[in-house]
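The primary structure of each chain is shown beneath.
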Amino acid sequence: MKMKKWISLSLIELDQHYKISKNRYLLKHTKDETIPFFALLAVLATLIIIYFPFYLDFIKVNLEFYTLKGTESLFIAEFVMITGFIGFFLGAFVLIGEFFLKKDMKLLITLPLKPYEVILGKLSVVLCDQMIISLIFLLPALIYFGIYNHLSVGYYFSMALVILFSQIFPVLLVLVFILPISHLFKKFKNKELILYIITSIFMVLALIYIFSSNDIFFVVTKNPQNMPDIYINPRSIFSRLTWIYPPAFLAAKSLINTGIYRFSWTLGFIGFHIILLILSLYIGEKLYYSTYVNFLETSTSAKKEEEKNIDLLFNKVLSPNKALLKREWLYFLKTPSFSVNGFTNVLIFPGLCVLLAIIDAGIGINLQREIKGPLLGMKMYWVVIISSLAGSLSGLSYSCFSREGKFIKELKILPITSSQILRTKFIHIMQLSSIGIVSGALIGYLLFKLNFPEFVNVLIFSVIISIFFNLLQMLIDAFKPFFDWDNPQKAMKQNANGLFSILVIFGILILLGFLFYFLSNYTDQYYVLILFSCVFAVFDLLLWQILKTRTTNLLNED
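Residues numbered from 1 in each chain as written. Predicted model: local features only at pLDDT ≥ 70, side-chain atom pairs only at ≥ 80, totals over all residues. Heavy atoms only, no water.

Visitor: Help me understand the overall build of the protein, please; the structure alone is not making it clear to me.
Guide: The helix and strand tally for the protein stands at 24 helices and zero strands. Residue pairs in contact within the protein that sit at least 24 positions apart in sequence constitute 82% of those at least 6 positions apart. Accessible surface for the protein amounts to roughly 27500 Å². Of this, 70% is attributable to carbon and sulfur atoms. (Helix = DSSP H or I, 4+ residues; strand = E, 2+ residues; numbered from the N terminus. Contact = heavy atoms within 4.5 Å. Areas by Shrake-Rupley, 256 points an atom, 1.4 Å probe, with all protein chains shown as cover.)

Rendered as structure tokens:
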């Protein structure tokens, strides 16, 4: 493939993915677009200001610990692995959307492009998305390492290459997993749903493996006095890294060495990724086009059949409620901007909690030992926060009506009631949210070592408060829906209702935290959660009635 052709294809894909040209035009000629843009910049700036001091302190603790033990190379390996794991979990659903649900393939498949050329262009988009992870988590750590050790310019050159290649391994690992799976199920009717389900299972199994193998990934035991032999012979951990996560081993070797040795290990690091890329392209050459063509043909025939007779959606086989639920799921899965965000949001928070637990074990902080007194006594509430946030931040609630866009007219003319529409949307939201609720509760149960009655109490309250949060976000969207969008990302990512909803949710959780802390001084936290469950169950019923009225008014508006 000619470099010029690849660069042109990648730039076009990136421009289309990020809407660079379009957004530039809108910002220049449409004043209404400037307010959300600067509001987003303000939010990002605020998050960076809050995040950076905490993360810098975390980096300093890590580096000082490893320097004390004379194993600075493990510091690099740890952060390369952390970045890779985050990229692995976040990149899976982004990759599915880009490779199998993106509409631009209808055009690309007609151009004189070979499969590997298309794959390279699409990988460029996915890797640019993933590079944000490396810039947030890996870049500050490696820069601080260089400054702390007063390293030469050669280190920073190798560092730039490590960061540039840091997301290739996790993305290609997911790609090599997804391509055969998609090819295997390409003739199935609901292949997109199957692909998402199998990938979700793969992610959950990976989380379980990582959580259960923290003694393999990290070298510090929970008892600081019981230091493992690994510090006497750090080569043993590097022998493990070669098969656990090869890029971490190669990156540590390239950055910790000097002179010709650094150059040699850097070449090895780059060569490893090039070989993996060639292998992935070879697999893609054999599987990708035939799989996508089958996806496209099935999607086109299904669309024609649906347009031919829309009444089939409400035939005698499917009741109106089931037909509406099927419509919600199909619309959700067929729109990459919706499905990728939805699945990622419910899994990322539990995943980050697992990662935090492993990091805690890895650097020997032992958060449960450090959190003393009343704060540790609120362990049930911490689990509720993990579970309820995982079940409430899917993005579906605050965009339940906005995501309809021009299809809101279709809902208004269908022979169904507003209550049926609302009930179906709520069921769809809770079905997806249940993944986050259950996984969050289970992870919290393991992290804080709850007994079974405590776990049941936490799970019940998490469900009740997640229902409350989802209903509240639906109500926010019902009062001010955003129908006028031409890019599906605007319905979720650039929806002001989302920012407002997040502020309200965190505000309520902080208030509940103070109440929980206060009431726990007078009675057991078990009974405090039972009281909260009863109160919020009443709130759920009241919110539902208000939401029903507002939905009816919304669907009756012109």
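Visitor: Teacher, can you tell me more about a nonpolar patch on the surface here?
Guide: A cluster of nonpolar side chains, namely L531, V535, V538, F539 and L542, defines an oily patch on the protein surface of about 420 Å² accessible area. Secondary-structure assignment places V535 in helix α24 (residues 525-556). For V535, a relative accessible area of 35% translates into the label partly exposed. (Patch = residues over 30% accessible without salt bridge, like charges linked within 9 Å, V, L, I, M, F, W, Y side chains within 5 Å. Salt bridge = Lys/Arg side-chain N within 4 Å of Asp/Glu carboxyl O. Buried < 20%, exposed > 50% of the residue type's maximum accessible area, 1.4 Å probe, protein only.)

Visitor: What am I meant to see in the nonpolar core here?
Guide: Soluble globular proteins: nonpolar side chains tend toward being buried together. Counting residues in hydrophobic clusters, the biggest one holds 127 residues, and the most contacted among them are F75, F99 and L142. In terms of residue count, the dominant contributor to this core is helix α4 (residues 72-100) (17 residues). Discounting residues that sit within four places of it in the chain, L142 has contacts with I76, Y155, M159, V162, I163 and L255. Judged by nonpolar contacts, the second largest core, of seven residues, contains I408, L411, L414 and I416. (Core = buried A, V, L, I, M, F, W, Y, C linked by side-chain atoms within 4.5 Å.)

Visitor: Please explain the packing of aromatic side chains as it appears in this structure.
Guide: Each aromatic ring pair is summarised here by two numbers: the centre-to-centre distance and the angle between the ring planes. Scanning all chains against the criterion turns up 24 aromatic pairs. Relative to Y527, the ring of Y526 has its centre 5.7 Å away and its plane inclined at 85°; by these criteria the two rings are edge-to-face. The class of Y526 is partly exposed, set by a relative accessible area of 27%. For Y527, a relative accessible area of 52% gives the class exposed. In this structure an aromatic cluster arises from ring pairing among Y381, W382, F461, F468, F469, F516, F532, F536 and F539. (Phe/Tyr/Trp six-rings, centres within 6.5 Å; stacked < 30°, edge-to-face > 60°.)

Visitor: When you look at the side chain of S433 in this model, what are you seeing that I'm missing?
Guide: By the secondary structure assignment, S433 is in helix α20 (residues 418-448). Polar side-chain contacts of S433 include one of 2.8 Å to the backbone oxygen of G391. Sequence-distant contacts of S433, defined by excluding residues within four places in its chain, comprise V346, G391, S394 and N470. (Polar contact = N/O pair within 3.5 Å; in protein donor to acceptor, adjacent residues only side chain to side chain.)

Visitor: Is there a simple way to explain unusual backbone geometry in this structure?
Guide: One can expect most non-glycine residues to show negative phi and most peptide bonds to be in trans. Not every positive phi belongs to a glycine, and H150 is a case in point at roughly 55°. Structurally, H150 is set in the loop between α6 (115-148) and α7 (153-165). By relative accessible area, H150 is classed as exposed at 73%.

Visitor: What am I meant to see in helix α8 (residues 168-184) here?
Guide: Quick reminder: α-helices carry 3.6 residues per turn. Residues three or four places apart thus point the same way. Across its 17 residues, α8 extends 24 Å between first and last C-alpha, which sits within 8% of the 24 Å expected from 1.5 Å per residue. Those residues of α8 that sit buried are I168, F169, P170, V171, L172, V174, L175, I178, L179, I181 and S182. (Expected span 1.5 Å × (residues − 1).)

Visitor: When you look at the packing of α4 against α8 in this model, what are you seeing that I'm missing?
Guide: How two helices sit against one another is set out by the angle between their axes and by the gap between those axes. Orientation of α4 relative to α8, taken along the N-to-C sense of each, is 45°, at an axis distance of 8 Å. Put simply, α4 runs oblique to α8. In this structure, the crossing between α4 and α8 has a hand that is right-handed. Contacts between α4 and α8 involve G84, G87, F88, A92, L95, I96, F99 and F100 from the first element and P170, V171, L173, V174, L175, I178, L179 and S182 from the second. Residue composition of the contact of α4 with α8, by class: 13 nonpolar, three polar and no charged. (Axes fitted to C-alpha atoms, helices over the stretch in contact; angles between N-to-C directions. Parallel < 35°, antiparallel > 145°, perpendicular 65-115°, else oblique. Left-handed = near helix turned anticlockwise from the far one by under 90°. Nonpolar A, V, L, I, M, F, W, Y, C, P; charged D, E, K, R; others polar.)

Visitor: Got a minute to help me understand the confidence of the model for the protein in this structure?
Guide: Should the pLDDT be low somewhere, the predicted coordinates at that spot are not to be read in detail. Mean pLDDT over the protein works out to 76, with 72% of the residues at or above the 70 mark. At the level of individual helices and strands, the protein shows its lowest average pLDDT in helix α10 (residues 214-217), which scores 45, and its highest in α7, which scores 93. Under a pLDDT of 50 for its full length, residues 362-374 has, in the predicted model, 26 contacts with residues more than four places off or in other chains. (pLDDT = per-residue confidence, 0-100.)

Visitor: What is the right way to look at the pattern of salt bridges in this model?
Guide: It is possible for side chains bearing opposite charge to pair when their charged atoms get close. Summed over the entire model, instances satisfying the criterion amount to five salt bridges. Ionic pairing is found between E404 and R327, a salt bridge with its closest N-O pair at 2.8 Å. Of the two residues, E404 sits in the loop between α18 (379-392) and α19 (408-413) while R327 sits in helix α14 (residues 320-334), which places them 77 residues apart along the sequence. The burial state of E404 is the same as that of R327; both residues are buried. Members of the salt-bridge network, linked through shared partners, are R327, E328, E404, E410 and K425.

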